[in-house]
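# Architecture and fold: a report
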Amino acid sequence: VKNTLIQIGIKEDKIEVIYNGLEYNPNYIKKELGNKIIFGFVGNIDDRKNPLEFMNFIEVAQRIYKDKEVKGRMVFGSVLDEKLFETLQQSIKDKNLPIELLGRVDREKMQEFYNSIHFLVLTSKKDPLPTVILEAFNNGIPVIAHNIDGVPEMVEDGVNGFLYNSDDDFERLISKIENIYYQQMQINANLTLRDKFSNSLKKKKLEVILFHTVR
């Protein structure tokens, strides 16, 4: 968004970026990586959200983790591309992949979804600042995300999740997961929300901007 504003002629020093904020919640469910690893997807079914890449991710993870139970759970608010959805359904069936298509989940029940997964996988091709990453962090869920747009400002590789550049990275990335201290990564994810993206920080920045504007 900032780059777009600069491209249309607005000077960089005149732009103030205020990130989305969430009410910080430290009371997330602490987990361990045992014999079951569940990966989650949240987004519409369209080309920009790239759900087929999530399916590919689960396929690679299942192949690598032969001694573990690997599952995928997909929440999607809207099916914007019916043909893509049909391809997704058919491919899951043909490959016999353990992916559960949950469809729309009410906002008040999303915490149950986050409590049921170990990682959120964000496969979007473009996404300036995905709020879904903040929701995951607020529930102590590390994020595996495509290294695009504003995502690297949120996800720090190996700290609160992992970044990848293409699906060629999946084998390398998935192999690293077994060697992490998962609970520390959960802590880091939750603290990222508190220290960088909480509502209180957003309010303070707004107050500073408004104070200087009024003066």
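Structure report, in brief. Since this is a predicted model, take the numbers as computed values, not measurements. (Residues numbered from 1 in each chain as written. Predicted model: local features only at pLDDT ≥ 70, side-chain atom pairs only at ≥ 80, totals over all residues. Heavy atoms only, no water.)

### Here we look at the packing of aromatic side chains
Rules: A pair of Phe, Tyr and Trp rings is counted when the ring centres sit within 6.5 Å of each other, with Trp represented by its six-membered ring. The angle between the planes then sorts it: under 30 degrees is stacked, over 60 is edge-to-face, the rest tilted. A helix here means a DSSP run of H or I that spans at least four residues, while a strand means a run of E at least two residues long, and both kinds are numbered starting from the N terminus. Relative accessible area decides the class of each residue, using a 1.4 Å probe on protein chains only: under 20% of the type maximum gives buried, over 50% gives exposed, and in between gives partly exposed. Ring-over charges, as used throughout, are those where CZ of Arg or NZ of Lys falls within 6 Å of the ring centre and within 35 degrees of the ring normal.
Counted according to the given criterion, the structure contains eight aromatic pairs. Here the aromatic rings of F41 and F54 are separated by 5.6 Å at their centres, their planes lie at 50 degrees, and the arrangement is tilted. Here the residue F41 occupies a position in strand β1 (residues 36–42), and F54 occupies one in helix α2 (residues 51–64), the gap between them amounting to 13 residues. For F54, a relative accessible area of 0% corresponds to the buried category. Members of the aromatic cluster, connected to one another through ring pairs, are F39, F57, F119, Y164, F170 and Y182. Over the face of the ring belonging to Y28 we find K30, whose NZ or CZ atom lies 4.7 Å from the ring centre.

### Looking at the side chain of N160
To be explicit about the condition: Counted as a polar contact is a pair of N or O atoms within 3.5 Å, where, for protein atoms, one must be capable of donating a hydrogen and the other of accepting one, and residues adjacent in sequence contribute only when both atoms are in side chains. Note on contacts: a residue pair qualifies if any of its non-hydrogen atoms lie within 4.5 Å across the two residues.
With respect to the secondary-structure elements, N160 resides in the loop between β5 (143–146) and β6 (161–164). A polar contact is formed between the side chain of N160 and the backbone nitrogen of E156, at a distance of 2.7 Å. Setting aside residues no more than four positions away along its own chain, N160 makes contact with F137, P142, V143, M154, V155, M185, N188, A189 and T192.

### Looking at the nonpolar core
Soluble globular proteins: nonpolar side chains tend toward being buried together. Test applied: Here, nonpolar core refers to any group of buried Ala, Val, Leu, Ile, Met, Phe, Trp, Tyr and Cys residues whose side-chain atoms link them within 4.5 Å.
Membership of the largest hydrophobic core comes to 58 residues, with the highest contact counts inside it found for F39, F57, Y114, F119, I144 and V155. Apart from the residues within four sequence positions on either side, I144 is in contact with F39, F57, F119, L120, V121, L122, F162, Y164, L173 and I177.

### Structural notes on the packing of α2 against helix α3 (residues 82–95)
Applicable threshold: With axes taken as lines fitted to C-alpha atoms, and helix axes fitted only over the stretch in contact, angles between N-to-C directions fall between 0 and 180 degrees. Here the angle decides the label: under 35 degrees means roughly parallel, over 145 means roughly antiparallel, 65 to 115 means roughly perpendicular, and every other value means oblique. Residues are sorted three ways: Asp, Glu, Lys and Arg are charged, Ala, Val, Leu, Ile, Met, Phe, Trp, Tyr, Cys and Pro are nonpolar, and all the rest, Gly among them, are polar.
The contact between α2 and α3 brings their axes to 10 Å, and the two run at 10 degrees. The angle between α2 and α3 places the two elements in the roughly parallel class. Contacts between α2 and α3 involve P51, L52, M55, N56 and E59 from the first element and L84, T87, L88, S91, I92 and K95 from the second. Its residues assigned to classes, the contact of α2 with α3 comprises six nonpolar, three polar and two charged.

### Some details on the pattern of salt bridges
Let me state the cut-off plainly: By salt bridge we mean one thing: a side-chain nitrogen of Lys or Arg within 4 Å of a carboxyl oxygen of Asp or Glu.
Scanning the model with the defined rule gives twelve salt bridges in all. Here K49 makes a salt bridge to D127, at a shortest N to O gap of 2.9 Å. Pair noted here: K49 is in the loop between β1 and α2 and D127 is in the loop between β4 (119–122) and α5 (131–138), with a separation of 78 residues, a long-range link. There is no split in this pair, since K49 and D127 are both buried. Look at the salt bridges and you will find they share partners, linking R48, K49 and D127 into a network.

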